[in-house]
Amino acid sequence: MGHGKETPRQKMIGMMYLFYTALMCLNVSKDVLNSFVLVSDSLEKSVAIYKTKNQKVYDEFEKQLAINEEKVKPWKEKADGVKTLTDSLFNLIESYKIGLINLAEKDNAVNVIKPGRYVLDSLTSKDNMDFGGQFFCVDRVDGKTRGEILKEKINEFRDESLKYIPESEAALASSIKSILFTDDVVVEEVKYTWESKTFEHIPMIADLVMLERLQTDVKNVETDIINYLFKQISAGDFKFNALSATVIPNSNYIMRGNEYSATVFLAAFDSTQAPEILVGSYKKTGPD
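Summarised in this report is the structure supplied together with it. (Residues numbered from 1 in each chain as written. Predicted model: local features only at pLDDT ≥ 70, side-chain atom pairs only at ≥ 80, totals over all residues. Heavy atoms only, no water.)

The next subject is the nonpolar core. In this structure, Phe 136, Leu 150 and Leu 214 are the most contacted members of the largest nonpolar core, which totals 57 residues. For this core, the secondary-structure elements that each account for two or more residues are helix 2 (30–67), helix 3 (69–105), helix 4 (109–112), helix 5 (131–138), helix 6 (146–162), helix 7 (170–179), helix 8 (194–199) and helix 9 (204–232). At 14 residues, helix 9 tops the list of elements feeding residues into this core. (Core = buried A, V, L, I, M, F, W, Y, C linked by side-chain atoms within 4.5 Å. Buried < 20%, exposed > 50% of the residue type's maximum accessible area, 1.4 Å probe, protein only. Helix = DSSP H or I, 4+ residues; strand = E, 2+ residues; numbered from the N terminus.)

Next comes the structure, spelled out in C-alpha cells:
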C-alpha cells in the first residue's frame with residue numbers, strides 16, 4: 001500500500017511490517033511471528049495518539065463555534081461529516097478484526113479480545129495461512145466477500161474525504177489518494193486483487209496487523225482533513241501584530257479662525273511584512 005507523508009514512527013512501523021512479512025515468505029521461526037506483536041502494539045499506540053489529537057481539534061471547533069457561530073458553523077459541519085465517515089470505516093475494520101479472531105480462535109477468542117485491546121500473544125493460530133483468505137476472500141456476506149466490501153468502503157471514504165479538499169490543495173489530495181490506495185496489482189503478468197494481496201497467503205497475525213494498519217491510515221486521513229478545515233476558519237482573516245493611533249486631517253493647512261477637523265482611528269498592521277508601495281502611473285498585469 002502506497003503512502004503519502006508519514007511521521008518517522010509511521011515509517012518505522014511500515015518497515016517493520018514489510019520486514020516481518022518478507023521473513024514469513026522464508027518460513028522462519030515462530031520468534032518472527034511473535035515479533036508482529038511489537039508492530040501491533042506500536043499501531044495501537046499510534047491509533048490512540050490520533051484519537052487524542054483529533055478529539056482536541058473537535059473540541060476546538062466547539063470552542064470557536066461558541067465565539068462566532070456564523071463564521072465557524074460551516075467548517076464545523078464539515079468536520080462533523082469527516083468524523084462520521086471516519087468512525088463508520090474504523091468501526092467496520094474493528095468488527096472484521098473481532099470476526100477474524102472468532103473464526104480462527106473459537107473458544108480461545110476470549111483470551112485474545114480484551115476490553116480496549118487485543119492480546120495477540122494469546123493467539124494459537126498465529127502462523128495459520130488460511131483464515132485470512134477464508135474470512136476476506138472466500139466467505140460471502142450478501143453476495144460479496146468481506147474483502148470486496150472493505151475495499152468498496154475504503155474507496156467511498158477516500159472519495160468522500162476528497163470532497164472536503166479544494167483543487168488548490170493538490171499535495172493533500174495526493175497524500176490521501178496514496179494512503180488509501182486499493183488498486184489491483186500485476187506481478188509477473190498475474191493480476192491480484194487488492195483484497196487478495198492484502199489478506200491471502202500470509203499468517204493470521206499478519207492479517208490482524210494489516211487491519212490495524214488500515215485503521216491507522218484512516219485516522220491519519222481524518223487528522224489531515226480536520227486540521228485543514230480548522231485552519232480555514234481564520235484563512236480569510238486579516239493578520240496583524242501591532243496597533244497604532246492614526247490622525248488624518250481634512251486639510252494640510254488651516255487659516256486662523258477656521259475649524260480644524262480630522263479623522264482619528266486605530267490602525268492595525270503587520271510589522272513583519274514589508275508593504276509594496278507604488279508611485280506614479282502603473283498598469284496591473286499580474287493575476288488578481
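This paragraph deals with the packing of aromatic side chains. A complete count under the given rule lists six aromatic pairs for this structure. Seen in terms of ring centroids, Phe 135 and Phe 136 are 5.0 Å apart; in terms of plane orientation they differ by 75°. Their pairing is edge-to-face. Exposure class is identical for Phe 135 and Phe 136. Each is buried. When the centroid spacing of 5.9 Å and the interplanar angle of 90° are considered together, the rings of Trp 194 and Phe 199 count as edge-to-face. Like Trp 194, the residue Phe 199 is buried in the burial classification. Taken together, the ring pairs in this structure connect Tyr 96, Phe 135, Phe 136, Trp 194 and Phe 199 into an aromatic cluster. Looking at Arg 146, its charged tip hangs above the ring of Phe 135, at a distance of 4.0 Å from the centre. (Phe/Tyr/Trp six-rings, centres within 6.5 Å; stacked < 30°, edge-to-face > 60°. Lys NZ or Arg CZ within 6 Å of the ring centre and 35° of its normal.)

Over its 17 residues, helix 6 runs 24 Å from end to end, which matches the ideal 24 Å to within 8%, given 1.5 Å per residue. Of all the residues in helix 6, the buried ones are Arg 146, Gly 147, Ile 149, Leu 150, Lys 151, Ile 154, Asn 155, Phe 157, Arg 158, Ser 161 and Leu 162. (Expected span 1.5 Å × (residues − 1).)

This next bit is on helix 7. Within helix 7, the full set of buried residues consists of Leu 172, Ala 173, Ser 175, Ile 176 and Ile 179. The arc that holds the buried residues of helix 7, viewed along the axis, is 160°, so those residues lie on one side. (Arc of directions from axis to C-beta.)

Within the secondary structure, Tyr 118 is located in strand 2 (residues 117–118). Judged by its relative accessible area of 8%, Tyr 118 falls in the buried class. Contacts of Tyr 118, omitting those with residues within four sequence positions, involve Glu 44, Glu 94, Lys 97, Ile 98, Ile 101, Val 112, Ile 113 and Glu 212. Polar side-chain contacts of Tyr 118 include one of 2.5 Å to the side chain of Glu 94. (Contact = heavy atoms within 4.5 Å. Polar contact = N/O pair within 3.5 Å; in protein donor to acceptor, adjacent residues only side chain to side chain.)

It is worth spelling out unusual backbone geometry at this point. In this structure, Lys 106 is a non-glycine residue whose phi angle is positive, near 55°. You can see Lys 106 is positioned in the loop between helix 3 and helix 4. Given the relative accessible area of 54%, Lys 106 is considered exposed. A positive phi angle, close to 55°, is found at Asp 142, a residue other than glycine. Turning to its location among the elements, Asp 142 is positioned in the loop between strand 3 (140–141) and strand 4 (144–145).

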